[in-house]
2 protein chains.
Amino acid sequence: MVRQEHITLAHGAGGQMTARLIREVFAAAFHNETLARLNDAALLPLPQGEGRLAFSTDGHVVQPLFFPGGDIGELAVFGTVNDLAMMGARPLWLAASFIIEAGFPVADLQRVAESMARAAARAGVQLVAGDTKVVEKGKADGLYISVAGVGWVPAGVAVEAGRAHPGDVVLVNAPIAAHGMAVMLQREGLQLESDLESDAAPLNEIVMALLDAAPRTHTLRDATRGGLATVLHEIARAAGVGILLREAEVPVHPAAADACALLGLDPLYVANEGVFVAFVPPDEAGDALAALRAHPLGRQARAVGEVLAEPVGQVVLETPLGARRLLPPLGGNLLPRIC
Amino acid sequence: MVRQEHITLAHGAGGQMTARLIREVFAAAFHNETLARLNDAALLPLPQGEGRLAFSTDGHVVQPLFFPGGDIGELAVFGTVNDLAMMGARPLWLAASFIIEAGFPVADLQRVAESMARAAARAGVQLVAGDTKVVEKGKADGLYISVAGVGWVPAGVAVEAGRAHPGDVVLVNAPIAAHGMAVMLQREGLQLESDLESDAAPLNEIVMALLDAAPRTHTLRDATRGGLATVLHEIARAAGVGILLREAEVPVHPAAADACALLGLDPLYVANEGVFVAFVPPDEAGDALAALRAHPLGRQARAVGEVLAEPVGQVVLETPLGARRLLPPLGGNLLPRIC
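Residues numbered from 1 in each chain as written. Chains lettered and ligands numbered in written order. Predicted model: local features only at pLDDT ≥ 70, side-chain atom pairs only at ≥ 80, totals over all residues. Heavy atoms only, no water.

## Focus: the interface of chain A and chain B
Counting residues at the interface gives 78 residues for chain A, matched by 78 residues for chain B. With both chains or domains summed, chain A and chain B bury close to 7,100 Å², and 69% of this area falls on carbon and sulfur atoms. Our enumeration of links across chain A and chain B arrives at eight salt bridges. The closest approach of N and O atoms between Arg 225 of chain A and Asp 131 of chain B, which form a salt bridge, is 3.5 Å. If you look at where chain A meets chain B, you find 22 residue pairs in polar contact (both at pLDDT 80 or more). Element by element, the count of residues in the side of chain A that touches chain B is highest for strand E5 (residues 90-101) of chain A, at 11 residues. Its residues assigned to classes, the side of chain A that touches chain B comprises 45 nonpolar, 19 polar and 14 charged. (Contact = heavy atoms within 4.5 Å. Buried area = accessible area lost by both parts, 1.4 Å probe. Salt bridge = Lys/Arg side-chain N within 4 Å of Asp/Glu carboxyl O. Polar contact = N/O pair within 3.5 Å; in protein donor to acceptor, adjacent residues only side chain to side chain. Helix = DSSP H or I, 4+ residues; strand = E, 2+ residues; numbered from the N terminus. Nonpolar A, V, L, I, M, F, W, Y, C, P; charged D, E, K, R; others polar.)

Okay, structure coming up:
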């Protein structure tokens, strides 16, 4: 990266610019094997005993702080819970760091804290540590929250981005694009005739049901920043495989699809907070899909594609008319500050 | 807390206002036993095996980002390493969350990342996970970093704020007030004739040496935000004891003392980044002091006071002339954004 460059919003969008920033600045400085695996959470052996931990962190700068179907506090709890769940871990403990702008209403902070407590209870995790810093008015945007989490990885579980394998069936648990469009419409003050709400939800329980039904699941990832297209690109690169995505099979939240059509946005790149992809060997795919559909967060689960040996690191989109074309990675910044 | 109130800089200063915010907003929402213990890090039993983990997080908003003797990256690494060390834990892994203002120079980000990598290597910890968010220009102040950390607590170690006991000798490893005054002078553009530098340092090694020499050490705490006076108040409250502090025995960095005198500040309330207090039973105090003095970060270690049965929750200052008076807790905001 050229040293005269400056950080832009696109560096935070989760696409190619984010990947380059992480590779050229952070990975270059911190090079170690755990970071290099590009997972949602680090997988760590303990100094004593058989256990492995999953450890992850996620910063949240969503604007507005309160939006249809959720708020920054709930998002911060579920975001980290889901990063741990995507490693097959049982989320146990969270630690939250608050950066607050002077002048922020204490009542809003209480509302966020109470929302976090409810979200933690729903996900079955404990918030055990925290820190609070205050900056001058004009040096933040109300409230930023970073949440780190620790989970326990049961023996035998080996779910990683790099394990996706040719032949794997790609499953999605729920319709895409609800979260990003709900936040976007709220922020821009657009009043569409819709009941569009964020899909923010804790995915640890449905993941456990999936792993019980399909224990040889190779890869899990929640399709947050950059949307379904971006996580498929990340997995294709990490595993050195190609991924075929059948557009006609991808469930899209109807109101989010309308909003995308109106605004000229592609739902494949819109952030979700309750959607994940699972890469499952073909002989376990039927059981996996049944397990997802038996859970309230997976009633509309679908098989949306499969893993190919090539083109390595690429995603191939099969259009509803049967044409195949390369799905480009996210370039610039579709929707800033959506999480 | 009155619901019409707004957050002020004093809520972030580490003193009474911070304690009230944590009690009335966060502890009220998240009430659980681990948070209620008011330690520097949470102490957590694992689902399997004998091990216990320490888990902590700390946000950093220091301004300027680069100051004599350190920078925000080094501070963020050592801050979390030290929170873990204060529980008697061996720090193992860190996860960093970056919130970056658009327009921030990539070269500065590289400088911070490289500083964090050096600090992690010096402390013997690995940075294993991270997250990056970007906000619009004018919605941050260059760069904020939150670092969470996980450490391993060896069997038999039981160091907690609530264990300070009447008769314990209070030890300090190094002269106070260097960090806060170094950042303050840099920020205000004051050019004093001094070599004043931040004392930022990883304290895990010297703590291990101390615990080897004085295994029945009751309490450790690093004297960061709010300074020595504030951590003594925290411990007095957590343990339900009084603490006698002999002012004449407290080592103060000479250049920091000069700067404090010039600006009318009390060094007892100025933040440190390489200073901690240890509460040690009297029969181990001699060995503890010798162990501290044998380490490069403890050459000027001193016994500065002792634990009293009362006044409960208070700190009694014995002045150089032998008078005794209550040392007030930090009220407002001495030095904002010092860490």
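## Observations regarding the packing of aromatic side chains
For any pair of aromatic rings, the description consists of the separation of the ring centres together with the inter-plane angle of the planes. Residue and element names in this part refer to chain B. Applying the stated criterion across every chain yields a total of five aromatic pairs over all chains. Between Phe 26 and Phe 30 the ring centres are 6.5 Å apart and the planes differ by 5 degrees, which places this aromatic pair in the stacked class. Of this pair, Phe 26 and Phe 30 both sit in helix H1 (residues 16-30), four residues apart, which is roughly one turn of the helix. Judged on exposure class, the residue Phe 26 and its partner Phe 30 are both buried. (Phe/Tyr/Trp six-rings, centres within 6.5 Å; stacked < 30°, edge-to-face > 60°. Buried < 20%, exposed > 50% of the residue type's maximum accessible area, 1.4 Å probe, protein only.)

## A closer look at the environment of His 6 of chain A
Mapped onto the elements, His 6 of chain A comes out in the segment before helix H1 (16-30). Discounting chain neighbours no more than four positions away, the residues touching His 6 of chain A are His 11 of chain A together with Gly 103, Phe 104, Pro 105 and Val 106 of chain B.

## Some remarks on the relation of the copies chain A and chain B
For the pair of chain copies, the relating transformation is a rotation about an axis with a translation along it. In screw terms, the move from chain A to chain B is a rotation of 180 degrees and a rise of 0.0 Å along the axis, fitting with an RMSD of 0.0 Å. In the structure described here, the two chain copies are related by an operation that fits a two-fold rotation axis. Of the C-alpha atoms belonging to chain A, the one lying closest to the rotation axis is found on Ala 140 of chain A, 2.2 Å away. Looking at chain A, 100% of its interface residues are interface residues in chain B too, so the copies touch through the same face. (Least-squares fit on C-alpha atoms with pLDDT ≥ 70 in both.)

## Structural notes on helix H9 (residues 282-293) of chain A
All names here are of chain A. Given a rise of 1.5 Å per residue, 12 residues ought to cover 16 Å, and the 17 Å separating the end C-alpha atoms of H9 matches this to within 8%. Among the residues of H9, those classed as buried are Glu 284, Ala 285, Ala 288, Leu 289, Ala 291 and Leu 292. The buried residues of H9 occupy one face: seen down the axis, they fall within an arc of 160 degrees. Opposite the packed face of H9, turned more than 90 degrees from it, sit the exposed residues Asp 283 and Gly 286. In this structure, the buried side of H9 is in contact with strand E8 (169-172), helix H6 (204-213), strand E11 (276-280) and strand E12 (302-308). (Expected span 1.5 Å × (residues − 1). Arc of directions from axis to C-beta.)

## Things to note about the confidence of the model for chain A
Overall, the prediction assigns chain A a mean pLDDT of 93, with 98% of residues at 70 or greater. Overall fold confidence for the complex sits at a pTM of 0.95, while the interface term, ipTM, reaches 0.94. (pLDDT = per-residue confidence, 0-100.)

## Here we look at a nonpolar patch on the surface
Residue and element names in this part refer to chain A. A grouping of Leu 190, Leu 262 and Leu 263 is seen on the molecular surface, where their side chains present a nonpolar patch of about 260 Å² in accessible area. For Leu 190, the location among the structural elements is in the loop between helix H5 (178-188) and H6. In this structure Leu 190 comes out as partly exposed when scored by relative accessible area, which is 35%. (Patch = residues over 30% accessible without salt bridge, like charges linked within 9 Å, V, L, I, M, F, W, Y side chains within 5 Å. Areas by Shrake-Rupley, 256 points an atom, 1.4 Å probe, with all protein chains shown as cover.)

## Considerations on the sheet that holds strand E7 (residues 143-153) of chain B
Residue and element names in this part refer to chain B. Taken in spatial order, the five strands line up as E1-E2-E7-E5-E6 in an open sheet, and their pairing is mixed. Where the open sheet ends on each side, the last strands, each with one partner, are strand E1 (42-45) and strand E6 (126-135). Between one strand axis and the next, the sheet turns through 20 degrees on average, direction left out of account. In this sheet, strand E2 (residues 52-60) lies alongside E1 in antiparallel orientation, the contact comprising four bridges. Note that in E2 the partner of Pro 45 across the bridge is Arg 52. (Pairing = 2+ DSSP bridges. Axes fitted to C-alpha atoms, helices over the stretch in contact; angles between N-to-C directions.)

## Some details on H1 of chain B
End to end, H1 of chain B covers 20 Å across 15 residues, agreeing with the expected 21 Å (1.5 Å per residue, within 8%). By the largest-angle criterion, Arg 23 of chain B marks the main kink of H1 of chain B, which is about 35 degrees. The set of residues buried in H1 of chain B consists of Thr 18, Leu 21, Val 25, Phe 26, Ala 29 and Phe 30 of chain B. Looking at the buried positions of H1 of chain B, the neighbouring elements they touch are E5, helix H4 (106-123) and strand E6 (126-135) of chain A together with helix H2 (33-36) of chain B. (Bend = angle between axes of the 7 residues up to and from the residue.)

## Considering the side chain of Thr 57 of chain B
As for its position among the elements, Thr 57 of chain B is in strand E2. Among all residues touching Thr 57 of chain B, those that are not within four sequence positions of it are Ala 95, Ala 96, Ser 97, Ala 129, Gly 130 and Asp 131 of chain A together with Asp 83, Val 147 and Ala 148 of chain B.

## Topic: unusual backbone geometry
A cis amide bond links Gln 63 of chain A with the next residue in sequence, Pro 64 of chain A, at an omega value of 0 degrees. Tracing the sequence through the fold places Pro 64 of chain A in the loop between strand E2 (52-60) and strand E3 (66-67). Each neighbour pair has its own omega, and for Glu 310 of chain B with Pro 311 of chain B the value is 0 degrees, a cis peptide bond. Counting through the fold element by element, Pro 311 of chain B comes out in the loop between strand E12 (302-308) and strand E13 (315-318). Positive phi is not limited to glycine here, since Ala 177 of chain A has a value of about 85 degrees. Tracing the chain through its elements places Ala 177 of chain A in the loop between E8 and H5. When its relative accessible area of 0% is taken as the criterion, Ala 177 of chain A is described as buried.

## Describing the pattern of salt bridges
Residues and elements named next belong to chain A. What the rule picks out here adds up to 34 salt bridges over all chains. Close ionic contact of Arg 20 with Glu 5 constitutes a salt bridge, the shortest N to O distance being 3.4 Å. Taken together, the residues Arg 20 in helix H1 and Glu 5 in the segment before H1 connect sequence positions 15 residues apart. What makes Arg 20 partly exposed here is its relative accessible area of 26%.

## Description of the environment of Pro 296 of chain A
Residue and element names in this part refer to chain A. One can find Pro 296 in the loop between H9 and E12. Judged by relative accessible area, which is 51%, Pro 296 ranks as exposed. Note: C-alpha distance between Pro 296 and Ile 206 (90 residues apart in sequence) is 8.4 Å.

## A few points about the packing of helix H3 (residues 72-85) of chain A against H4 of chain A
All names here are of chain A. Contact geometry of H3 with H4 gives a least axis separation of 7 Å together with a crossing angle of 30 degrees. By the angle between their axes, H3 is roughly parallel relative to H4. The chirality of how H3 crosses H4 is right-handed. Taking contact as the criterion, the partners of Ile 72, Gly 73, Glu 74, Val 77, Phe 78 and Val 81 in H3 are, on H4, Val 112, Ser 115, Met 116, Ala 119, Ala 120, Arg 122 and Ala 123. A per-class count over the contact of H3 with H4 returns nine nonpolar, two polar and two charged. (Parallel < 35°, antiparallel > 145°, perpendicular 65-115°, else oblique. Left-handed = near helix turned anticlockwise from the far one by under 90°.)

## A short note on the sheet that holds strand E11 (residues 276-280) of chain B
All names here are of chain B. Read from one edge of the open sheet, seven strands run E9-E11-E8-E12-E10-E13-E14, paired in mixed fashion. Of all the strands in the sheet, the pair left with one neighbour each is strand E9 (219-222) and strand E14 (324-326). The average angle at which neighbouring strand axes cross in this sheet is 25 degrees, direction not considered. As judged from the four bridges shared by E9 and E11, these two strands associate in the antiparallel manner. Counted as the bridge partner of Thr 219 is Phe 279 from E11. Here helix H7 (residues 227-239) sits on the sheet in contact with strand E8 (169-172), E9, strand E10 (242-246), E11 and E13, set at roughly 35 degrees to E11. Against the sheet, helix H9 (residues 282-293) contacts E8, E11 and E12, and its axis sits at roughly 5 degrees relative to E8.

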